[in-house]
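# Architecture and fold: a report
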Amino acid sequence: MHQTSISGLTVLRALLLGLLVLIGTSPLVVAQTAPDTTRVRYSEETVTESDSSRTSALAQTYSSLTRLQIEEQVLWKIGLNNYATDNNFDTGRRYYRYGVYLIYERKLRDDISIMAELSPDFTRYRRVGGLAFRHGFSVRSQVAGRYYYNLNQRIRKGKNASNFSANYLSVAIGNGFGRRSHESTYYFYTFSKPLVRADLSAFYGLQRRLGQYGFVDFNFGFSTRLLPRVYDFSLSGSFRIGLALGR
C-alpha cells in the first residue's frame, strides 16, 4: 500500500496563489482602477475699471492739452500787444498804444533760454486839451535771459518734458524807439524824448503751453530806466496770451 504525501513546495505555491487572488479583488485596487469622473468648469469674471486707470486717462488728456510730453528747442510767440493808455483828465492829455509782438525763444540748455522780442506799436495821443489827436509809430524790443528753475522738478513729477512750461527768473534789457512814443519795454515815460529809451528789469514769472498752438506768460518785478539816465525803480510786469509755434 502506497501513501501519498504533499510536499512543502506544493503548499507554498497554493498559498501564494490565494494571496494574489485576494489582492486583485480588494476594494483598494478597485478604487484605484475606477474611471476619473472629475468635472472641470469654466467661468468668465468681469473686472471693473479702477480709479487709477481713470486718473491715468485724465493725466494723459492734460498732458496732450498742455504739450507736456513734447520736446522743443525753439519757440516762436506772436500775439496782440498789451493795450496801454495814459490819461490826465485835468490837462486833457491822452495817450493810447496798440500793437503786436513777435518773440523768439531758444534754449541754451534744458533750463536756460535766451529770448528776443520785437513789438511795433501804433500810438494815438493828445498832449493838451483842445488840440487834435496826433498819431505816431514806434517800436519796442527786448533781449532777456530766463532760468526755468523748477523745470527738472516738474519733469520728475511727470508734469513736463522740457517745452518751456515752467516757472522762471528773468533779467531783461528793453528798448523803445520813436519820437512820439513814451515807452520802453517795461517803463512809461512822461515825456516823449529822446529818440531811444532803455530799461533794465528783473522778473519772476511763469509760462505754460495751451494746447498745440497756444501759450500764456505772466511775470512781475522791478524796472529801472537806463536811457535817459534816471536811477529810479518801479514795479512792472506783463501778461500775454497768444499763439506759439515750437520745434
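These numbers come from a predicted model, not from an experiment.

The subject of this paragraph is the overall build of the protein chain. For the protein chain, the count of helices and strands is four helices and nine strands. In the protein chain, the order of α-helices and β-strands from amino to carboxyl end is α-α-α-β-β-β-β-β-α-β-β-β-β. Each of the 247 residues in the protein chain was classed as buried or not, and the buried ones make up 36%. Nonlocal contacts in the protein chain, meaning residues at least 24 apart in sequence, comprise 57% of its contacts between residues at least 6 apart. As displayed, the protein chain has an accessible area near 16300 Å², and 63% of this comes from carbon and sulfur atoms.

Next up on the list: the pairing of strand 1 (residues 74–80). The sheet contact formed by strand 1 and strand 3 (residues 93–109) spans seven bridges and is antiparallel. Considered in strand 3, the bridge of Leu-80 is made with Val-100. Here strand 1 pairs with strand 9 (residues 233–246) via four bridges, running antiparallel. Along strand 9, the bridge assignment pairs Trp-76 with Leu-245.

The rules behind these values
- Within each chain, residue numbers correspond to sequence positions counted from 1 in written order.
- Reporting of local features is limited, given that this is a predicted model, to residues whose pLDDT is at least 70; pairs of side-chain atoms are given and counted only at 80 or more, and all residues count toward the totals for whole chains, interfaces and linings.
- Where side-chain values are given, they derive from all heavy atoms of the structure, hydrogens and water being excluded.
- Strands are runs of DSSP state E lasting at least 2 residues, helices are runs of H or I lasting at least 4, and numbering of each runs from the N terminus.
- Only protein chains enter the calculation, and the probe is 1.4 Å; a residue is then buried if its accessible area is under 20% of its type maximum, exposed if over 50%, and partly exposed in between.
- By the convention used here, residues are in contact when the closest approach between their heavy atoms is within 4.5 Å.
- Surface exposure here means Shrake-Rupley accessible area, sampled with a 1.4 Å probe, where a residue is shielded only by the protein chains that are shown.
- One bridge is not enough; two strands pair if DSSP finds at least two bridges between them.

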